[in-house]
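Working through the structure, step by step
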There are 2 protein chains.
Amino acid sequence: MKLTTKGRYAVMAMADLASFSKERPVSLTEISLRQNISLSYLEQLFIKLKQKKLVKSMRGSQGGYTLERPASQIKLSNIFIAVDEEVRTLNCKKDSKKGCNNKLIKCNAHFLWDKLDQHINSFFEKTLLEDLINKRLK
Amino acid sequence: MKLTTKGRYAVMAMADLASFSKERPVSLTEISLRQNISLSYLEQLFIKLKQKKLVKSMRGSQGGYTLERPASQIKLSNIFIAVDEEVRTLNCKKDSKKGCNNKLIKCNAHFLWDKLDQHINSFFEKTLLEDLINKRLK
DNA sequence: GAGATCTCCTAGTAAAATACTATGAATTAA
DNA sequence: TTAATTCATAGTATTTTACTAGGAGATCTC
């Protein structure tokens, strides 16, 4: 079980924005250098973050990104969901071959994974981007 | 972020053992059929579970596995650790190229992943195999 | 003691997911 | 008009995961 870099990069980049985009938009080139993340990969992540209205963009020279809402109104769960870093302990969704919801008998541990999902998600739900940049975590 | 089948299979197999191996050892063939897990894959998992003294084996005909300790004394964390399904939100361990602990400046979200690890592990630490088979989770 | 049923052990491999690269068009400030 | 930037899509290398293959060794039952 691991968190992939996608989710980590997204959170780090958003934290970077929260810290540096107060006056002016911040370019992905900047973030790429500061956080040591491939530019092209960042671009892909930011398209998703924009679609979910977590950031807004300004094109052209001197352009870049800013937060769409203040850091106090962005949950970590918003970020993870935006980049498709879902917590999925089970692959019993649309997959017709694997998983267990297409069998007569539900897998006996099914409810355990549900609980685990809830437990993990509660962390992302309760933590705000603001908490992260202030290093104030519960 | 996802839990791989390795961890899930291990927990399901242990739950199966807890339910069926009270009188007699249970063979992996049985578990394989009941839980729909490849026999050879189960064998690999059980070698690890045995090394960590979570199960004991009886070879030969009518052999199989039983729990080494009662289900009330086995934490889910024991099982996950045994099959190497560690929770690792970061790859900053021995990897010299990636990660962040070999840089001068620690990645600013480092402490977040630590907190997350703790949060997830607390779930596995507090849940016993017994709770699972009794469907009694907090 | 032969045969069946098991665990034990190691290598190899197919498939899936991940992380990243490449390329170029569109937009805009200076 | 040029440089800097976002936007968009396709392709690929790497890594991880999940599984298969093929046997050797142990032990019960007949």
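The text that follows walks through the structure, step by step, so that each part is easy to find. (Residues numbered from 1 in each chain as written. Chains lettered and ligands numbered in written order. Predicted model: local features only at pLDDT ≥ 70, side-chain atom pairs only at ≥ 80, totals over all residues. Heavy atoms only, no water.)

**Some thoughts on the protein's contact with DNA strand D**
- Lining the immediate surroundings of DNA strand D are 27 residues, of which Lys50, Ser57 and Tyr65 of chain A together with Gln44 and Arg59 of chain B lie closest.
- Backbone atoms, meaning sugar and phosphate, form 64% of the atoms of DNA strand D found within 4 Å of the protein.
- Ser61 of chain A is positioned such that a nitrogen or oxygen atom in its backbone is 3.5 Å from a base nitrogen of DNA strand D.
- One nitrogen or oxygen atom from the side chain of Gln44 of chain B is found 2.6 Å from a base oxygen belonging to DNA strand D.
- Put simply, the parts of the chain that give the surface near DNA strand D at least two residues each are helix 3 (39–51), strand 1 (55–58) and strand 2 (64–67) of chain A together with helix 1 (5–20) and helix 3 (39–51) of chain B. (Near = heavy atom within 4 Å. Polar contact = N/O pair within 3.5 Å; in protein donor to acceptor, adjacent residues only side chain to side chain. Helix = DSSP H or I, 4+ residues; strand = E, 2+ residues; numbered from the N terminus.)

**Quick notes on the pattern of salt bridges**
All names here are of chain A.
- Summed over the entire model, instances satisfying the criterion amount to eight salt bridges over all chains.
- Note that Lys75 and Glu125 form a salt bridge whose closest N and O atoms lie 2.9 Å from each other. With Lys75 in the loop between strand 2 and helix 4 (76–82) and Glu125 in helix 5 (residues 110–126), this residue pair connects regions lying 50 residues apart in the sequence.
- When salt bridges that share partners are traced, they join Asp16, Arg24, Glu30 and Arg34 into one network. (Salt bridge = Lys/Arg side-chain N within 4 Å of Asp/Glu carboxyl O.)

**What about the protein's contact with DNA strand C?**
- The immediate surroundings of DNA strand C are formed by 26 residues, with Gln44 and Arg59 of chain A together with Lys50, Ser57 and Tyr65 of chain B found nearest.
- Sugar and phosphate atoms represent 65% of those atoms of DNA strand C found within 4 Å of the protein.
- In this structure, Gln44 of chain A approaches DNA strand C through a side-chain N or O atom, which is 2.6 Å from a base oxygen.
- Note that a base oxygen of DNA strand C is positioned 3.5 Å from one of the backbone N or O atoms of Gly60 of chain A.
- Among the secondary structure elements, those contributing two or more residues to the surface near DNA strand C are helix 1 (5–20) and helix 3 of chain A together with helix 3, strand 1 (55–58) and strand 2 (64–67) of chain B.
- Taken together, the residues of the surface near DNA strand C break down into five nonpolar, 14 polar and seven charged. (Nonpolar A, V, L, I, M, F, W, Y, C, P; charged D, E, K, R; others polar.)

**Some thoughts on the packing of helix 1 of chain A against helix 3 of chain A**
Residues and elements named next belong to chain A.
- Remark: helix 1 packs on helix 3, axes separated minimally by 10 Å, with the N-to-C direction vectors making an angle of 75°. Our classification of the angle between helix 1 and helix 3 gives roughly perpendicular. For the pair helix 1 and helix 3, contact is made by Thr5, Lys6, Tyr9, Ala10, Ala13, Met14 and Leu17 and by Tyr41, Leu42, Leu45, Phe46 and Leu49, respectively.
- Split into classes, the residues belonging to the contact of helix 1 with helix 3 amount to ten nonpolar, one polar and one charged. (Axes fitted to C-alpha atoms, helices over the stretch in contact; angles between N-to-C directions. Parallel < 35°, antiparallel > 145°, perpendicular 65-115°, else oblique. Contact = heavy atoms within 4.5 Å.)

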